[in-house]
Amino acid sequence: MLRTEYPRPQFQRKEWKSLNGEWNFTFDDQNIGMKEQWYQNAAALTDKINVPFAYQTELSGINDSSFHDVVWYQREFEVPDDWKDKRVMLHFGAVDYYAKVFVNGQLVGENEGGHTPFSFDITHVLKDSLASVVVRAEDPSRDETIPRGKQFWKEEIESIWYTNTTGIWQPVWIEPVSDSAIEKLRMTPDLDQGDVEIELDVSPQAVKKLVEVKIEYKGELISHDSFRLVETYLKRRINVFGKHIFHTGFHHEGMTWSPEAPNLFDITFDIKEDQTIADSVASYFGMRKIHTEDGMVYLNNKPYYQQLVLDQGYWREGLLTAPNDEDFKKDIELAKEMGFNGCRKHQKVEDPRFLYWADKLGYLVWGECAASAFYSERAASRLTEEWTKIIDRDYNHSSIVAWVPLNESWGVQTIRSDSKQQHHSQAMYHHIHAMDGTRPVISNDGWEQTVTDICAIHNYNHGTVEEKSKSAVFKETLETKEVLLSSQPAKRKIYANGFEHRGEPIILTEFGGIGFEVGGDNGWGYTSVKNEEEFVADYRRIMNAVYSSKSLHGYCYTQLTDVEQEINGILSYDREPKCDLKLIREINTQWHNEIKQ
């Protein structure tokens with residue numbers, strides 16, 4: 001069985017059981033499963049699938065890329081005897097797009113949204129230690145108003161669009177939870193004061209009990225406090241720096257979190273009655289601050305030049321699902337080896353395990369969500385609902401330093417002049433800020449932006465080495481703020497009608513995309529080269545233009561790896577370097593003025 005690691009690293013309980021592995025499976029192309037009550041008839045599911053891999057993947061054991069909008073899953077599982085006095089929760093990391101879940105033939109819950117987790121209390125339907133779970137997943141393959149990101153609405157992939165992912169694509173697990181339990185945890189670092197603000201939501205049964213909070217830093221006890229729960233919500237601030245200047249980031253990194261020094265505090269929460277622990281949750285946090293000021297992004301109160309790489313988060317064998325936990329770690333390590341300090345996760349809500357490794361290894365992440373292809377009122381509502389769940393899941397991750405609700409006007413195709421779609425962009429900006437006041441929000445990454453905290457520009461007009469004039473214009477376009485803001489790289493204005501630059505930092509968040517075929521994967525790039533020497537030379541030419549800019553305060557190069565027909569990665573689809581990565585690092589880490597005028 002693959003993917004055996006605990007799926008939720010920032011809210012971890014000791015007792016749990018993975019339901020990944022072999023499930024019974026079938027397509028329901030005639031959509032007759034509900035009528036024939038397949039949720040009570042496991043014999044109707046005649047195939048096998050390896051969860052959590054979608055049927056379109058090699059690792060699923062099926063590897064069928066054709067459209068099947070309705071699919072069914074079933075497996076039996078055993079509930080350990082020592083869980084009998086507790087509630088049993090059934091968790092799904094993500095199921096694309098609609099899910100109905102049955103346990104022992106009874107509906108226990110439904111979910112809409114293909115990129116975020118959901119859970120059901122199944123205690124009331126458990127009869128004995130052996131139980132059966134059935135999932136009906138529906139993914140409208142041709143519906144362009146659901147958040148789909150890079151998943152194509154046609155069966156034959158082309159251009160920038162990839163193979164679909166249908167049904168279960170993140171881990172499934174069960175765990176026992178006491179009646180007196182922690183239900184939600186939110187941690188907000190206050191770097192300036194040296195505090196961490198803790199918010200807990202607990203079950204009604206936990207009221208009047210004690211919650212014990214222990215914080216450690218690299219094995220050293222920092223704080224050990226107990227609080228009486230007088231209602232289902234608790235909010236406290238705990239100082240972790242003390243009166244120690246070297247704990248702060250004033251002279252050096254101290255105890256703060258950054259890509260250069262990813263320091264983390266371990267924290268545990270125990271709900272106690274007398275000396276008995278009713279619930280125990282382990283987590284971690286970093287002391288990190290991100291904000292914008294004077295046209296620059298600041299990390300921990302100092303200007304910080306972001307050197308990001310676009311990361312689609314696809315794997316040849318698993319598509320959106322990483323084959324194993326080490327694959328997340330490997331991608332980050334390779335990117336850092338090349339001199340990148342973070343990534344923009346493109347059109348994907350990445351698995352929490354990736355964010356865990358980003359926190360641990362020190363790697364900035366711009367959090368993004370799959371967009372719809374076409375605007376409608378329902379599409380706007382769906383995106384809002386999805387973002388509410390995303391922030392609820394990922395708020396505590398130190399690595400996430402920006403939110404990107406819209407990209408290149410996807411799903412807001414007439415935003416340049418359509419006030420309705422402009423209002424949607426502004427609504428997303430303000431909605432995300434209302435839920436998270438600690439991170440910048442980019443309104444529409446690429447162009448036609450409305451109100452935004454970072455001016456994010458896409459420009460692939462670098463030309464080839466032979467196209468001297470085009471290459472020169474590309475460099476000139478990046479040089480000053482005035483030229484950057486008046487440019488129209490894709491024949492689209494940088495700001496939508498009625499909006500303008502308000503002094504926010506300018507970052508080149510997509511560019512490059514040099515196509516270089518290795519290993520027999522045919523495809524395309526924005527420009528193409530024939531060998532390793534040409535690849536490095538072209539990369540150097542493009543990056544020199546970026547670093548010569550007097551107004552850019554960071555970049556995001558396209559892209560980390562090849563994906564299907566896109567062969568414009570620095571790494572192949574199988575994560576093999578296309579050149580000596582030391583040369584990429586040398587180019588990326590060249591001196592440049594990080595303080596912008």
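In what follows, the structure referred to is the one given above.
Owing to the predicted nature of the structure, the values given are computational and were not obtained by experimental measurement. (Residues numbered from 1 in each chain as written. Predicted model: local features only at pLDDT ≥ 70, side-chain atom pairs only at ≥ 80, totals over all residues. Heavy atoms only, no water.)

S.K.: Tell me about the overall build of the chain, and please be specific about residues and values.
M.R.: Looking only at helices and strands, one finds eight helices and 31 strands in the chain. Scaling as 2.2 N^0.38, a compact globule of 597 residues should have a C-alpha radius of gyration of about 25 Å, and the chain matches this with 24 Å. Counting only C-alpha atoms and orienting by the principal axes, one finds that the chain spans roughly 75 × 65 × 50 Å. For the chain, the accessible area works out to roughly 23,300 Å², and carbon and sulfur atoms hold 47% of it. (Helix = DSSP H or I, 4+ residues; strand = E, 2+ residues; numbered from the N terminus. Rg over C-alpha atoms; globule rule 2.2 N^0.38 Å. Areas by Shrake-Rupley, 256 points an atom, 1.4 Å probe, with all protein chains shown as cover.)

S.K.: Describe helix α2 (residues 352-361), listing the residues and the values that go with them.
M.R.: Taken across its 10 residues, α2 has eight buried, putting it largely inside the fold. Buried within α2 we find Pro352, Arg353, Phe354, Leu355, Tyr356, Trp357, Ala358 and Asp359. The backbone nitrogen of Arg353 lies 2.8 Å from a side-chain oxygen of the residue at the head of α2, namely Asp351. Positive backbone phi, approximately 85 degrees, marks Gly362, located one or two places after α2. (Buried < 20%, exposed > 50% of the residue type's maximum accessible area, 1.4 Å probe, protein only. Polar contact = N/O pair within 3.5 Å; in protein donor to acceptor, adjacent residues only side chain to side chain.)

S.K.: Just give me the short version of the environment of Gln421, but keep the residues and values in it.
M.R.: Relative to the elements of secondary structure, Gln421 occurs in helix α4 (residues 419-435). Taking the C-alpha atoms as reference points, Gln421 and Arg142, separated by 279 residues in sequence, lie 22 Å from one another. Discounting residues that sit within four places of it in the chain, Gln421 has contacts with Tyr375, Val412, Gln413, Thr414 and Ile415. (Contact = heavy atoms within 4.5 Å.)

S.K.: If you had to explain the pairing of strand β2 (residues 21-27) to someone new, which residues and values would you point to?
M.R.: β2 sits mainly inside the fold: five of its seven residues count as buried. With five bridges connecting them, β2 and strand β3 (residues 47-51) associate as antiparallel partners. Bridging across to β3, Asn24 finds its partner in Lys48. Here β2 runs beside strand β4 (residues 70-78); their pairing, made up of four bridges, is antiparallel. Bridge assignment links Asn24 to a residue of β4, and that residue is Gln74. (Pairing = 2+ DSSP bridges.)

S.K.: How would you sum up the packing of aromatic side chains? Please name residues and give values.
M.R.: As enumerated under the stated definition, the model contains 35 aromatic pairs in all. Centre to centre, the rings of Tyr6 and Trp173 are 6.2 Å apart; their planes meet at 65 degrees, and the pair counts as edge-to-face. Note that Tyr6 is positioned in the segment before β1 (17-18) and Trp173 in strand β12 (residues 172-177), a separation of 167 residues in sequence. This pair shows no difference in class: Tyr6 is buried, exactly as Trp173 is. With centroids separated by 5.4 Å and ring planes inclined at 80 degrees, the aromatic side chains of Phe25 and Phe27 adopt a geometry described as edge-to-face. (Phe/Tyr/Trp six-rings, centres within 6.5 Å; stacked < 30°, edge-to-face > 60°.)

S.K.: So what's going on with unusual backbone geometry? Which residues, and what values?
M.R.: The amide bond that connects Val51 to the next residue, Pro52, takes the cis arrangement and shows omega of 15 degrees. As for its position among the elements, Pro52 is in the loop between β3 and β4. Looking along the chain, the bond that leaves Asp96 and enters Tyr97 is cis, with omega of 15 degrees. The phi dihedral of Asn63 is positive, around 60 degrees, even though this residue is not glycine. Tracing the backbone through its elements, the reader meets Asn63 in the loop between β3 and β4. For Asn104, which is not glycine, the phi torsion reads 50 degrees and is therefore positive. Among the secondary structure elements, Asn104 is positioned in the loop between β7 (98-103) and β8 (106-112).

S.K.: Explain the pairing of strand β25 (residues 364-368) to me, and be specific about the residues and the numbers.
M.R.: Most of β25 is tucked away: five of the five residues are buried. Residues Leu364, Trp366 and Glu368 point to one face of β25 and Val365 and Gly367 to the other, with burial holding for every one of them. Traced from strand β24 (residues 342-345) through α2 to β25, the parallel crossover comes out right-handed. Bridge count for β25 against strand β26 (residues 400-404) is four bridges, and the pairing is parallel. The partner of Glu368 across the bridge, within β26, is Val404. A crossover links β25 with its parallel partner β26, the connecting element being helix α3 (residues 377-394), and its sense is right-handed. (Right-handed = clockwise from strand over helix to strand, strands pointing away.)

S.K.: Tell me what's going on with the layout of surface pockets, and back it up with residues and numbers.
M.R.: Space inside the largest pocket adds up to approximately 880 Å³. Along its surface, the largest pocket is lined by 36 residues, and Arg8, Phe11, Ser119, Glu183 and Asp392 are the ones closest to its centre. Residues of the lining of the largest pocket, tallied by class, amount to 14 nonpolar, nine polar and 13 charged. (1 Å grid on protein atoms, 1.4 Å probe; cavity = no way out; pocket = protein on both sides within 12 Å on 5 of 7 lines; lining within 4 Å. Points joined across faces, edges and corners; volume = space filled by probe spheres on them. Nonpolar A, V, L, I, M, F, W, Y, C, P; charged D, E, K, R; others polar.)

S.K.: Just give me the short version of a negative patch on the surface, but keep the residues and values in it.
M.R.: Together, Glu326, Glu333, Glu337, Glu466, Glu467, Glu532, Glu533, Glu534 and Asp580 line one region of the surface with negative charge. Among the elements of the structure, α1 (325-337) and α7 (532-547) are those that each provide at least two residues to the negative patch. Here Glu466 falls in the exposed class, since its relative accessible area comes to 64%. (Patch = residues over 30% accessible without salt bridge, like charges linked within 9 Å, V, L, I, M, F, W, Y side chains within 5 Å. Salt bridge = Lys/Arg side-chain N within 4 Å of Asp/Glu carboxyl O. Lys, Arg positive; Asp, Glu negative; His and termini not counted. Charge placed at Lys NZ, Arg CZ, Asp CG, Glu CD.)

S.K.: Describe in detail the sheet that holds β26, supporting the description with residues and values.
M.R.: With parallel pairing, the seven strands of this open sheet are ordered in space as β26-β25-β24-β23-β31-β28-β27. A single partner strand is all that each edge strand has here, and the edge strands are β26 and β27 (455-458). Strand-to-strand twist of the sheet, defined as the mean angle between neighbouring strand axes without regard to direction, takes the value 25 degrees. Bridge count between strand β23 (residues 306-311) and β24: four bridges; the pairing is parallel. If you follow Asp311 over to β24, its bridge partner there is Lys345. (Axes fitted to C-alpha atoms, helices over the stretch in contact; angles between N-to-C directions.)

S.K.: Explain a nonpolar patch on the surface residue by residue, including any values.
M.R.: Taken together, the side chains of Ile245, Phe246 and Phe250 make up a nonpolar region of the molecular surface, amounting to roughly 360 Å² of accessible area. Structurally, Phe246 can be placed in the loop between β17 (233-239) and β18 (265-273). The exposure class assigned to Phe246 is exposed, which follows from its relative accessible area of 52%.

S.K.: Tell me about the sheet that holds strand β20 (residues 290-293), and please be specific about residues and values.
M.R.: Taken together, the three strands give an open sheet; going across it, the order is β20-β21-β22, and neighbouring strands pair in antiparallel fashion. Looking at the sheet topology across the chains shown, the edges are occupied by β20 and β22 (302-303). Two elements, strand β21 (residues 296-299) and β22, share two bridges in a ladder whose sense is antiparallel. Within the sheet, the bridge partner assigned to Leu299 lies in β22 and is Lys302.

S.K.: Describe the nonpolar core, naming the residues involved and giving the relevant values.
M.R.: The tendency in soluble globular proteins is for nonpolar side chains to be buried as a group. By size, the foremost hydrophobic cluster in this structure holds 87 residues, and its most contacted members are Phe340, Tyr363, Trp366, Trp387, Tyr539, Tyr555 and Ile570. No other element matches α7, which puts eight residues into this core. Dropping the residues within four chain positions of it, Tyr539 is found in contact with Phe340, Ile514, Tyr557, Ile570, Ile584, Ile587 and Asn588. With 30 residues, the next largest nonpolar core counts Phe120, Ile122, Ala131 and Val135 among its residues. (Core = buried A, V, L, I, M, F, W, Y, C linked by side-chain atoms within 4.5 Å.)

S.K.: Got a sec to walk through the packing of α1 against α2? Specific residues and values, please.
M.R.: Closest axis-to-axis distance for the α1/α2 pair is 9 Å, and the angle between their directions is 45 degrees. Relative to α2, the element α1 lies oblique. α1 and α2 meet at a crossing whose hand is right-handed. In this structure, α1 uses Asp325, Phe328, Lys329, Ile332, Glu333 and Lys336 to contact α2, whose residues at the interface are Arg353, Phe354, Trp357, Ala358 and Leu361. (Parallel < 35°, antiparallel > 145°, perpendicular 65-115°, else oblique. Left-handed = near helix turned anticlockwise from the far one by under 90°.)

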